[in-house]
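Residues per chain are reported as follows:
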Amino acid sequence: MKNYNRSNQLFERAQKVIPGGVNSPVRAFRSVGRAPIFIESAKAATLTDVDENTYIDFIGSWGPMILGHSPSFVDQNLLSVIQKGMSYGVPSPFEVEMAECLVDAYQGLEMVRMVNSGTEATMSAIRAARGYTRRTKIVKFEGCYHGHSDALLVKSGSGTLTYGVPTSLGVPADTVKDTLVAVYNDVTGIEQLFKSNGNEIACVILEPIAGNMGVVPVKDEFVKTLRKLCDMYGVVLIFDEVITGFRLAYGGAASLLNVTPDMVCFGKIIGGGLPVGAYGGKKEIMSVISPLGGVYQAGTLSGNPIAMYCGLEVLKTLRENPEIYTSLEEKAAYLESGMNRIIEEYQFPVTFVRYKSMPCLFFKTGSLSSYDEVKGCDTDAYATYFKAMLERGILLPPAQFEGLFLSTAHTTEDLEAYLTASEAVLKEMYLK
Ligand SMILES: *Cc1c(COP(=O)(O)O)cnc(C)c1O
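Residues numbered from 1 in each chain as written. Predicted model: local features only at pLDDT ≥ 70, side-chain atom pairs only at ≥ 80, totals over all residues. Heavy atoms only, no water.

Caption draft 1: Up close: the nonpolar core. Counting 117 residues, the largest nonpolar core has L102, F141, F246, L318, Y385 and Y418 as the members making the most contacts within it. Two domains each provide a minimum of three residues to this core, namely domain 1 (5-70 + 322-430) and domain 2 (72-320). Look past the residues within four positions of Y385 in its chain and what remains in contact with it is L361, F363, L396, Y418, S422, V425, L426 and M429. In terms of nonpolar packing, the next biggest core, distinct from the first, is built from 22 residues, A128, A151, I205 and M263 among them. (Core = buried A, V, L, I, M, F, W, Y, C linked by side-chain atoms within 4.5 Å. Buried < 20%, exposed > 50% of the residue type's maximum accessible area, 1.4 Å probe, protein only. Domains from an automatic or database assignment. Contact = heavy atoms within 4.5 Å.)

Caption draft 2: Representation of the packing of aromatic side chains within the structure. Summed over the entire model, instances satisfying the criterion amount to 16 aromatic pairs. Measuring from ring centre to ring centre gives 5.5 Å for F29 and F386, while their planes differ by 85 degrees; the resulting arrangement is edge-to-face. Of the two residues, F29 is situated in the loop between α1 (5-17) and β1 (39-43) and F386 in helix α12 (residues 379-391); the sequence distance between them amounts to 357 residues. The burial state of F29 is the same as that of F386; both residues are buried. On the numbers, 5.8 Å between centres and 85 degrees between planes, the contact of F363 with Y382 is edge-to-face. With F363 in the loop between β14 (358-362) and α11 (371-374) and Y382 in helix α12, this pair connects stretches of sequence that are 19 residues apart. The buried category is assigned to Y382, whose relative accessible area is 5%. Put simply, the rings of Y106, F246, Y250 and F266 touch in pairs and so form one group of aromatic residues. Lying over the aromatic face of Y4, R34 brings its terminal NZ or CZ to 4.4 Å of the ring centre. (Phe/Tyr/Trp six-rings, centres within 6.5 Å; stacked < 30°, edge-to-face > 60°. Helix = DSSP H or I, 4+ residues; strand = E, 2+ residues; numbered from the N terminus. Lys NZ or Arg CZ within 6 Å of the ring centre and 35° of its normal.)

Caption draft 3: Just helix α13 (residues 412-430), in detail. With 19 residues, α13 extends 27 Å between its outermost C-alpha atoms, agreeing within 8% with the 27 Å of an ideal straight helix rising 1.5 Å per residue. Taken together, the buried positions of α13 are occupied by D414, L415, Y418, L419, A421, S422, V425, L426 and M429. (Expected span 1.5 Å × (residues − 1).)

Caption draft 4: Expanded view of the site of the ligand. The environment of the ligand is made up of S117, G118, T119, Y145, H146, G147, E207, N212, D240, V242, I243 and K268. T119 is positioned with one of its side-chain polar atoms (N or O) 2.6 Å from an oxygen atom of the ligand. A total of 380 Å² of accessible area belongs to the ligand in isolation, and the protein chains cover 82% of it. A breakdown of the residues in the shell around the ligand according to their chemical character gives 3 nonpolar, 6 polar and 3 charged. (Near = heavy atom within 4 Å. Polar contact = N/O pair within 3.5 Å; in protein donor to acceptor, adjacent residues only side chain to side chain. Areas by Shrake-Rupley, 256 points an atom, 1.4 Å probe, with all protein chains shown as cover. Nonpolar A, V, L, I, M, F, W, Y, C, P; charged D, E, K, R; others polar.)

Caption draft 5: Looking closely at the domain arrangement of the chain. Domain annotation of the chain identifies domain 1 (5-70 + 322-430) and domain 2 (72-320). The straight-line distance from the C-alpha centre of domain 1 to that of domain 2 is 25 Å. Every contact between the two is made by 29 residues of domain 1 and, on the other side, 35 residues of domain 2. For the domain 1 and domain 2 pair, buried surface summed over both sides reaches about 2700 Å², with 68% attributable to carbon and sulfur atoms. When residues of domain 1 are sorted by the area they lose upon contact with domain 2, Y325, Y355 and M358 head the list and together hold 26% of the total. The interface formed by domain 1 and domain 2 includes 0 salt bridges. At the junction of domain 1 and domain 2, the tally comes to 6 residue pairs in polar contact (both at pLDDT 80 or more). Elements supplying a minimum of two residues to the side of domain 1 that touches domain 2: α10 (323-346), β13 (351-355), β14 and α11. In terms of residue count, β14 provides more of the side of domain 1 that touches domain 2 than any other element does, 4 residues in total. Looking at the side of domain 1 that touches domain 2, its residues break down into 21 nonpolar, 6 polar and 2 charged. (Buried area = accessible area lost by both parts, 1.4 Å probe. Salt bridge = Lys/Arg side-chain N within 4 Å of Asp/Glu carboxyl O.)

This is the structure:
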(Lines give C-alpha, C1' and ligand atoms only; values in the text may rest on other atoms or scores of the structure.)
Protein backbone atom coordinates (compact mmCIF):
# COMPACT_ATOMS: atom_id res chain seq x y z
CA MET A 1 0.00 0.00 0.00
CA LYS A 2 1.15 3.52 -0.77
CA ASN A 3 1.43 5.94 2.10
CA TYR A 4 -1.04 8.82 1.93
CA ASN A 5 -0.37 10.39 5.36
CA ARG A 6 0.32 13.94 4.26
CA SER A 7 -2.59 13.98 1.83
CA ASN A 8 -4.84 12.72 4.61
CA GLN A 9 -3.56 15.40 6.99
CA LEU A 10 -4.17 18.13 4.42
CA PHE A 11 -7.65 16.79 3.81
CA GLU A 12 -8.38 16.95 7.56
CA ARG A 13 -7.28 20.60 7.64
CA ALA A 14 -9.12 21.40 4.40
CA GLN A 15 -12.42 19.99 5.60
CA LYS A 16 -12.41 22.44 8.51
CA VAL A 17 -12.21 25.51 6.29
CA ILE A 18 -13.40 24.50 2.79
CA PRO A 19 -16.77 22.82 2.15
CA GLY A 20 -15.96 19.13 1.74
CA GLY A 21 -12.28 20.07 1.75
CA VAL A 22 -12.29 20.93 -1.94
CA ASN A 23 -12.91 23.82 -4.30
CA SER A 24 -14.77 21.70 -6.85
CA PRO A 25 -16.84 18.67 -5.82
CA VAL A 26 -15.32 16.00 -8.09
CA ARG A 27 -11.94 16.57 -6.39
CA ALA A 28 -13.31 15.13 -3.16
CA PHE A 29 -13.11 11.61 -4.75
CA ARG A 30 -16.45 10.82 -3.06
CA SER A 31 -17.92 8.88 -5.93
CA VAL A 32 -14.94 6.52 -5.76
CA GLY A 33 -15.16 6.27 -1.98
CA ARG A 34 -11.76 7.46 -0.80
CA ALA A 35 -10.02 10.63 0.35
CA PRO A 36 -8.41 12.83 -2.31
CA ILE A 37 -4.70 12.99 -2.98
CA PHE A 38 -3.01 16.39 -2.82
CA ILE A 39 -0.52 17.20 -5.54
CA GLU A 40 2.87 18.72 -4.87
CA SER A 41 4.11 19.00 -8.45
CA ALA A 42 3.56 17.91 -12.03
CA LYS A 43 5.76 17.48 -15.06
CA ALA A 44 4.79 16.11 -18.49
CA ALA A 45 2.35 13.21 -17.80
CA THR A 46 3.49 12.63 -14.23
CA LEU A 47 1.96 13.93 -11.02
CA THR A 48 3.75 13.74 -7.67
CA ASP A 49 1.64 13.92 -4.54
CA VAL A 50 2.63 15.40 -1.18
CA ASP A 51 3.63 11.90 0.05
CA GLU A 52 6.00 11.55 -2.93
CA ASN A 53 3.86 8.96 -4.70
CA THR A 54 3.97 9.41 -8.46
CA TYR A 55 1.14 8.80 -10.92
CA ILE A 56 0.64 8.73 -14.65
CA ASP A 57 -1.98 11.43 -15.04
CA PHE A 58 -5.10 10.78 -17.13
CA ILE A 59 -7.01 13.80 -15.78
CA GLY A 60 -4.81 16.54 -17.24
CA SER A 61 -6.62 19.11 -15.09
CA TRP A 62 -9.79 17.97 -16.93
CA GLY A 63 -8.46 18.99 -20.30
CA PRO A 64 -6.28 22.10 -20.25
CA MET A 65 -2.96 20.23 -20.06
CA ILE A 66 -3.02 18.97 -23.65
CA LEU A 67 0.75 19.63 -23.89
CA GLY A 68 1.40 17.90 -20.57
CA HIS A 69 2.31 19.63 -17.33
CA SER A 70 4.79 22.48 -17.25
CA PRO A 71 5.39 22.47 -21.03
CA SER A 72 8.24 24.31 -22.70
CA PHE A 73 6.58 27.75 -22.69
CA VAL A 74 6.89 27.83 -18.92
CA ASP A 75 10.26 29.56 -19.13
CA GLN A 76 12.06 32.91 -18.80
CA ASN A 77 9.70 34.53 -21.33
CA LEU A 78 6.72 33.71 -19.16
CA LEU A 79 8.55 35.15 -16.18
CA SER A 80 9.23 38.37 -18.09
CA VAL A 81 5.54 38.60 -19.09
CA ILE A 82 4.62 38.31 -15.41
CA GLN A 83 7.20 40.94 -14.47
CA LYS A 84 5.51 43.40 -16.84
CA GLY A 85 2.49 43.39 -14.53
CA MET A 86 -0.18 40.86 -13.58
CA SER A 87 -3.30 42.79 -14.62
CA TYR A 88 -4.05 46.30 -15.87
CA GLY A 89 -7.81 46.82 -15.94
CA VAL A 90 -7.41 48.48 -19.33
CA PRO A 91 -6.79 46.70 -22.66
CA SER A 92 -3.54 44.95 -23.56
CA PRO A 93 -2.23 43.50 -26.87
CA PHE A 94 -2.55 39.80 -25.92
CA GLU A 95 -6.35 40.15 -25.76
CA VAL A 96 -6.47 41.18 -29.41
CA GLU A 97 -4.10 38.43 -30.42
CA MET A 98 -6.18 35.82 -28.58
CA ALA A 99 -9.44 36.97 -30.18
CA GLU A 100 -7.81 36.92 -33.65
CA CYS A 101 -6.43 33.47 -32.97
CA LEU A 102 -9.84 32.06 -31.95
CA VAL A 103 -11.70 33.72 -34.83
CA ASP A 104 -9.07 32.38 -37.22
CA ALA A 105 -9.34 28.84 -35.84
CA TYR A 106 -13.08 28.29 -35.69
CA GLN A 107 -15.53 28.15 -38.59
CA GLY A 108 -18.22 30.82 -38.53
CA LEU A 109 -16.70 32.61 -35.53
CA GLU A 110 -16.48 36.37 -36.12
CA MET A 111 -16.30 37.98 -32.68
CA VAL A 112 -15.37 36.67 -29.28
CA ARG A 113 -15.40 37.78 -25.64
CA MET A 114 -12.95 36.47 -23.06
CA VAL A 115 -14.23 35.43 -19.64
CA ASN A 116 -12.71 33.54 -16.70
CA SER A 117 -14.31 30.09 -16.84
CA GLY A 118 -16.41 27.77 -18.95
CA THR A 119 -19.35 28.49 -16.66
CA GLU A 120 -19.17 32.18 -17.44
CA ALA A 121 -18.83 31.45 -21.15
CA THR A 122 -22.04 29.39 -21.42
CA MET A 123 -23.98 31.67 -19.08
CA SER A 124 -23.02 34.73 -21.11
CA ALA A 125 -23.60 33.05 -24.48
CA ILE A 126 -27.14 32.19 -23.41
CA ARG A 127 -27.75 35.75 -22.26
CA ALA A 128 -26.52 37.05 -25.61
CA ALA A 129 -28.70 34.56 -27.51
CA ARG A 130 -31.74 35.61 -25.48
CA GLY A 131 -30.96 39.28 -26.01
CA TYR A 132 -30.46 38.75 -29.72
CA THR A 133 -33.62 36.71 -30.31
CA ARG A 134 -35.69 38.45 -27.61
CA ARG A 135 -36.98 35.02 -26.64
CA THR A 136 -36.63 33.34 -23.25
CA LYS A 137 -36.70 29.56 -23.61
CA ILE A 138 -33.51 27.58 -23.92
CA VAL A 139 -32.91 23.93 -24.71
CA LYS A 140 -30.26 21.71 -23.13
CA PHE A 141 -29.72 17.97 -23.21
CA GLU A 142 -29.70 15.55 -20.34
CA GLY A 143 -26.15 14.48 -19.49
CA CYS A 144 -24.51 17.53 -21.07
CA TYR A 145 -22.73 19.75 -18.56
CA HIS A 146 -22.29 23.46 -19.18
CA GLY A 147 -20.95 24.72 -15.86
CA HIS A 148 -22.86 25.69 -12.75
CA SER A 149 -24.95 28.74 -13.63
CA ASP A 150 -28.52 28.58 -12.31
CA ALA A 151 -30.43 28.12 -15.55
CA LEU A 152 -28.30 25.11 -16.48
CA LEU A 153 -28.48 23.16 -13.21
CA VAL A 154 -31.49 21.27 -14.36
CA LYS A 155 -32.66 17.80 -15.26
CA SER A 156 -35.74 16.77 -17.13
CA GLY A 157 -38.90 16.73 -15.09
CA SER A 158 -41.24 13.82 -14.83
CA GLY A 159 -43.25 12.86 -17.86
CA THR A 160 -42.14 12.79 -21.41
CA LEU A 161 -40.15 15.86 -22.22
CA THR A 162 -39.28 19.33 -21.43
CA TYR A 163 -39.81 21.42 -18.35
CA GLY A 164 -36.75 21.14 -16.20
CA VAL A 165 -36.46 20.77 -12.44
CA PRO A 166 -33.44 22.12 -10.55
CA THR A 167 -30.65 19.64 -9.75
CA SER A 168 -29.30 21.89 -7.01
CA LEU A 169 -30.67 23.43 -3.88
CA GLY A 170 -30.61 27.19 -4.13
CA VAL A 171 -31.86 27.24 -7.70
CA PRO A 172 -35.47 28.46 -7.65
CA ALA A 173 -37.84 26.43 -9.82
CA ASP A 174 -38.74 29.71 -11.52
CA THR A 175 -35.15 30.13 -12.68
CA VAL A 176 -35.20 26.91 -14.68
CA LYS A 177 -38.79 27.09 -15.87
CA ASP A 178 -37.60 28.32 -19.26
CA THR A 179 -34.96 25.61 -19.58
CA LEU A 180 -36.32 22.76 -21.69
CA VAL A 181 -34.47 19.49 -21.25
CA ALA A 182 -34.28 17.05 -24.15
CA VAL A 183 -32.65 13.70 -24.84
CA TYR A 184 -29.21 13.67 -26.50
CA ASN A 185 -29.17 11.90 -29.88
CA ASP A 186 -32.99 11.66 -29.97
CA VAL A 187 -33.95 13.04 -33.38
CA THR A 188 -37.72 12.53 -33.03
CA GLY A 189 -37.71 14.06 -29.55
CA ILE A 190 -36.05 17.26 -30.67
CA GLU A 191 -38.31 17.54 -33.73
CA GLN A 192 -41.36 17.36 -31.49
CA LEU A 193 -39.90 19.85 -29.04
CA PHE A 194 -39.35 22.36 -31.86
CA LYS A 195 -42.79 21.74 -33.27
CA SER A 196 -44.46 22.78 -30.02
CA ASN A 197 -41.97 25.42 -28.78
CA GLY A 198 -39.81 26.41 -31.74
CA ASN A 199 -40.92 30.05 -31.97
CA GLU A 200 -40.22 30.70 -28.29
CA ILE A 201 -36.76 29.14 -28.14
CA ALA A 202 -33.79 31.51 -27.97
CA CYS A 203 -31.05 28.92 -28.19
CA VAL A 204 -30.05 25.28 -28.06
CA ILE A 205 -26.84 24.49 -26.21
CA LEU A 206 -25.02 21.18 -26.43
CA GLU A 207 -21.66 19.50 -26.17
CA PRO A 208 -21.10 18.58 -29.82
CA ILE A 209 -19.38 15.45 -28.54
CA ALA A 210 -20.55 14.82 -24.97
CA GLY A 211 -17.71 14.51 -22.48
CA ASN A 212 -19.51 14.90 -19.18
CA MET A 213 -21.56 11.70 -19.16
CA GLY A 214 -18.51 9.74 -20.11
CA VAL A 215 -17.76 10.13 -23.80
CA VAL A 216 -20.91 9.95 -25.91
CA PRO A 217 -20.38 10.76 -29.59
CA VAL A 218 -23.14 12.70 -31.27
CA LYS A 219 -25.07 11.00 -34.05
CA ASP A 220 -24.56 12.70 -37.39
CA GLU A 221 -28.28 12.81 -38.13
CA PHE A 222 -28.98 14.36 -34.72
CA VAL A 223 -26.56 17.27 -35.02
CA LYS A 224 -27.56 17.92 -38.64
CA THR A 225 -31.24 17.93 -37.63
CA LEU A 226 -30.48 20.42 -34.87
CA ARG A 227 -28.78 22.73 -37.36
CA LYS A 228 -31.74 22.47 -39.70
CA LEU A 229 -34.35 23.08 -36.98
CA CYS A 230 -32.44 26.08 -35.59
CA ASP A 231 -32.34 27.61 -39.08
CA MET A 232 -36.04 26.95 -39.61
CA TYR A 233 -37.15 28.53 -36.32
CA GLY A 234 -34.52 31.29 -35.99
CA VAL A 235 -32.94 29.65 -32.95
CA VAL A 236 -29.29 30.25 -32.00
CA LEU A 237 -27.30 27.01 -32.04
CA ILE A 238 -24.56 27.06 -29.38
CA PHE A 239 -21.76 24.50 -29.34
CA ASP A 240 -20.20 24.15 -25.91
CA GLU A 241 -16.67 23.23 -26.98
CA VAL A 242 -15.15 23.80 -23.55
CA ILE A 243 -13.70 20.25 -23.67
CA THR A 244 -13.71 19.50 -27.39
CA GLY A 245 -12.38 22.86 -28.65
CA PHE A 246 -8.72 22.50 -29.68
CA ARG A 247 -8.76 18.91 -28.34
CA LEU A 248 -10.51 16.93 -31.07
CA ALA A 249 -9.07 19.13 -33.79
CA TYR A 250 -7.71 22.67 -34.08
CA GLY A 251 -11.11 23.66 -35.48
CA GLY A 252 -12.95 21.83 -32.71
CA ALA A 253 -15.82 19.36 -33.08
CA ALA A 254 -17.49 21.70 -35.59
CA SER A 255 -14.73 21.06 -38.10
CA LEU A 256 -15.12 17.28 -37.74
CA LEU A 257 -18.92 17.24 -37.80
CA ASN A 258 -19.14 19.73 -40.61
CA VAL A 259 -21.76 21.71 -38.75
CA THR A 260 -21.23 25.40 -38.04
CA PRO A 261 -22.92 26.67 -34.88
CA ASP A 262 -24.11 30.28 -34.49
CA MET A 263 -22.19 30.61 -31.21
CA VAL A 264 -19.41 28.69 -29.49
CA CYS A 265 -18.03 28.47 -25.96
CA PHE A 266 -14.43 27.66 -25.09
CA GLY A 267 -12.53 27.11 -21.86
CA LYS A 268 -10.01 24.62 -20.49
CA ILE A 269 -7.32 24.33 -23.24
CA ILE A 270 -7.45 27.99 -24.31
CA GLY A 271 -6.15 29.09 -20.89
CA GLY A 272 -3.15 26.78 -20.83
CA GLY A 273 -3.98 25.89 -17.20
CA LEU A 274 -5.07 29.36 -16.06
CA PRO A 275 -8.74 30.28 -15.43
CA VAL A 276 -10.07 31.27 -18.85
CA GLY A 277 -13.20 30.92 -20.93
CA ALA A 278 -14.52 32.56 -24.09
CA TYR A 279 -17.76 32.84 -25.99
CA GLY A 280 -18.37 34.13 -29.45
CA GLY A 281 -20.30 33.84 -32.65
CA LYS A 282 -21.53 35.73 -35.63
CA LYS A 283 -20.90 39.46 -35.55
CA GLU A 284 -24.62 40.14 -35.77
CA ILE A 285 -25.25 38.20 -32.58
CA MET A 286 -22.18 39.39 -30.67
CA SER A 287 -23.10 43.02 -31.44
CA VAL A 288 -25.85 42.83 -28.82
CA ILE A 289 -23.17 42.78 -26.09
CA SER A 290 -22.35 45.88 -24.09
CA PRO A 291 -20.94 48.43 -24.94
CA LEU A 292 -22.24 47.82 -28.49
CA GLY A 293 -25.69 46.60 -27.43
CA GLY A 294 -28.03 46.11 -24.55
CA VAL A 295 -26.77 42.77 -23.15
CA TYR A 296 -24.59 43.41 -20.13
CA GLN A 297 -21.56 41.22 -19.48
CA ALA A 298 -18.25 42.19 -17.87
CA GLY A 299 -15.19 40.90 -16.00
CA THR A 300 -12.47 42.57 -13.93
CA LEU A 301 -9.88 39.95 -14.83
CA SER A 302 -11.26 38.94 -18.24
CA GLY A 303 -8.51 38.81 -20.84
CA ASN A 304 -5.85 38.80 -18.16
CA PRO A 305 -2.46 39.24 -19.88
CA ILE A 306 -0.76 36.25 -18.24
CA ALA A 307 -3.70 33.96 -18.96
CA MET A 308 -3.81 35.20 -22.57
CA TYR A 309 -0.07 34.66 -22.98
CA CYS A 310 -0.23 31.07 -21.68
CA GLY A 311 -3.33 30.23 -23.71
CA LEU A 312 -1.79 31.67 -26.86
CA GLU A 313 1.38 29.66 -26.38
CA VAL A 314 -0.71 26.46 -26.28
CA LEU A 315 -2.81 27.47 -29.29
CA LYS A 316 0.27 28.42 -31.33
CA THR A 317 1.88 25.07 -30.55
CA LEU A 318 -1.27 23.27 -31.67
CA ARG A 319 -1.61 25.38 -34.79
CA GLU A 320 2.01 24.95 -35.85
CA ASN A 321 2.09 21.20 -35.16
CA PRO A 322 -1.07 19.69 -36.67
CA GLU A 323 0.52 16.22 -36.29
CA ILE A 324 -0.31 16.55 -32.59
CA TYR A 325 -3.91 15.68 -33.41
CA THR A 326 -2.94 12.59 -35.39
CA SER A 327 -0.71 11.51 -32.55
CA LEU A 328 -3.37 12.06 -29.85
CA GLU A 329 -5.83 10.06 -31.88
CA GLU A 330 -3.28 7.27 -32.35
CA LYS A 331 -2.75 7.14 -28.61
CA ALA A 332 -6.48 6.89 -27.97
CA ALA A 333 -6.79 4.20 -30.67
CA TYR A 334 -3.91 2.30 -29.06
CA LEU A 335 -5.77 2.28 -25.75
CA GLU A 336 -8.95 1.25 -27.53
CA SER A 337 -7.45 -1.72 -29.35
CA GLY A 338 -5.52 -2.81 -26.24
CA MET A 339 -8.61 -2.63 -24.05
CA ASN A 340 -10.82 -4.31 -26.63
CA ARG A 341 -8.35 -7.21 -26.80
CA ILE A 342 -8.50 -7.58 -23.00
CA ILE A 343 -12.28 -7.16 -22.82
CA GLU A 344 -12.82 -9.76 -25.52
CA GLU A 345 -10.40 -12.28 -24.06
CA TYR A 346 -12.03 -12.28 -20.62
CA GLN A 347 -15.52 -11.08 -21.51
CA PHE A 348 -15.40 -8.31 -18.92
CA PRO A 349 -18.75 -6.44 -18.61
CA VAL A 350 -17.26 -3.11 -19.67
CA THR A 351 -17.20 -1.06 -22.87
CA PHE A 352 -14.36 1.08 -24.17
CA VAL A 353 -15.72 4.01 -26.17
CA ARG A 354 -13.58 6.34 -28.23
CA TYR A 355 -14.34 9.36 -30.38
CA LYS A 356 -11.13 10.51 -32.08
CA SER A 357 -8.81 11.46 -29.21
CA MET A 358 -11.47 11.18 -26.47
CA PRO A 359 -11.57 7.72 -24.80
CA CYS A 360 -13.71 6.42 -21.95
CA LEU A 361 -14.18 3.09 -20.16
CA PHE A 362 -17.81 2.43 -19.17
CA PHE A 363 -18.68 -0.27 -16.66
CA LYS A 364 -21.63 -1.40 -18.73
CA THR A 365 -22.28 -3.22 -21.98
CA GLY A 366 -24.84 -2.45 -24.66
CA SER A 367 -25.81 0.87 -26.22
CA LEU A 368 -24.30 4.05 -24.72
CA SER A 369 -25.73 6.91 -26.74
CA SER A 370 -27.79 8.90 -24.22
CA TYR A 371 -27.75 9.80 -20.54
CA ASP A 372 -30.41 7.20 -19.76
CA GLU A 373 -28.23 4.53 -21.28
CA VAL A 374 -24.94 5.51 -19.61
CA LYS A 375 -26.43 6.09 -16.19
CA GLY A 376 -26.96 2.34 -15.83
CA CYS A 377 -23.18 1.95 -15.37
CA ASP A 378 -21.87 0.00 -12.38
CA THR A 379 -20.39 2.94 -10.47
CA ASP A 380 -19.33 0.71 -7.55
CA ALA A 381 -17.24 -1.34 -9.95
CA TYR A 382 -15.72 1.88 -11.30
CA ALA A 383 -14.81 2.90 -7.74
CA THR A 384 -13.05 -0.43 -7.14
CA TYR A 385 -11.23 -0.13 -10.46
CA PHE A 386 -10.23 3.50 -9.76
CA LYS A 387 -8.75 2.69 -6.35
CA ALA A 388 -6.79 -0.32 -7.59
CA MET A 389 -5.45 1.71 -10.54
CA LEU A 390 -4.39 4.51 -8.18
CA GLU A 391 -2.45 1.96 -6.07
CA ARG A 392 -0.67 0.97 -9.30
CA GLY A 393 0.31 4.56 -10.01
CA ILE A 394 -2.38 5.43 -12.55
CA LEU A 395 -4.55 8.47 -11.82
CA LEU A 396 -7.92 8.25 -13.57
CA PRO A 397 -10.82 10.69 -13.29
CA PRO A 398 -12.38 10.01 -9.87
CA ALA A 399 -15.84 9.46 -11.37
CA GLN A 400 -17.32 7.07 -13.92
CA PHE A 401 -18.90 9.76 -16.08
CA GLU A 402 -15.69 11.33 -17.32
CA GLY A 403 -13.37 10.53 -20.20
CA LEU A 404 -9.60 10.08 -20.12
CA PHE A 405 -7.60 13.17 -21.02
CA LEU A 406 -4.53 12.46 -23.13
CA SER A 407 -1.66 14.83 -23.82
CA THR A 408 1.37 15.09 -26.06
CA ALA A 409 3.40 14.06 -23.00
CA HIS A 410 1.91 10.55 -22.70
CA THR A 411 4.45 7.98 -23.92
CA THR A 412 3.86 4.49 -25.27
CA GLU A 413 5.15 3.22 -21.90
CA ASP A 414 2.46 5.27 -20.14
CA LEU A 415 -0.23 3.76 -22.35
CA GLU A 416 1.22 0.26 -21.84
CA ALA A 417 1.16 0.85 -18.08
CA TYR A 418 -2.54 1.76 -18.31
CA LEU A 419 -3.32 -1.41 -20.26
CA THR A 420 -1.25 -3.72 -18.04
CA ALA A 421 -2.75 -2.28 -14.87
CA SER A 422 -6.29 -2.36 -16.29
CA GLU A 423 -5.93 -6.01 -17.27
CA ALA A 424 -4.62 -6.97 -13.81
CA VAL A 425 -7.29 -4.98 -11.97
CA LEU A 426 -10.22 -6.21 -14.09
CA LYS A 427 -9.01 -9.82 -13.63
CA GLU A 428 -8.92 -9.27 -9.86
CA MET A 429 -12.42 -7.85 -10.00
CA TYR A 430 -14.16 -10.31 -12.28
CA LEU A 431 -12.19 -13.57 -12.33
CA LYS A 432 -12.22 -14.35 -8.63
C1 LIG B 1 -15.74 22.10 -17.72
C2 LIG B 1 -16.90 22.44 -18.55
C3 LIG B 1 -17.64 23.61 -18.38
C4 LIG B 1 -17.41 24.53 -17.22
O5 LIG B 1 -16.16 25.11 -17.23
P6 LIG B 1 -15.58 25.71 -15.84
O7 LIG B 1 -14.31 26.36 -16.26
O8 LIG B 1 -15.39 24.51 -14.94
O9 LIG B 1 -16.58 26.65 -15.31
C10 LIG B 1 -18.62 23.92 -19.30
N11 LIG B 1 -18.88 23.11 -20.32
C12 LIG B 1 -18.22 21.95 -20.51
C13 LIG B 1 -18.55 21.10 -21.69
C14 LIG B 1 -17.22 21.56 -19.63
O15 LIG B 1 -16.61 20.40 -19.79
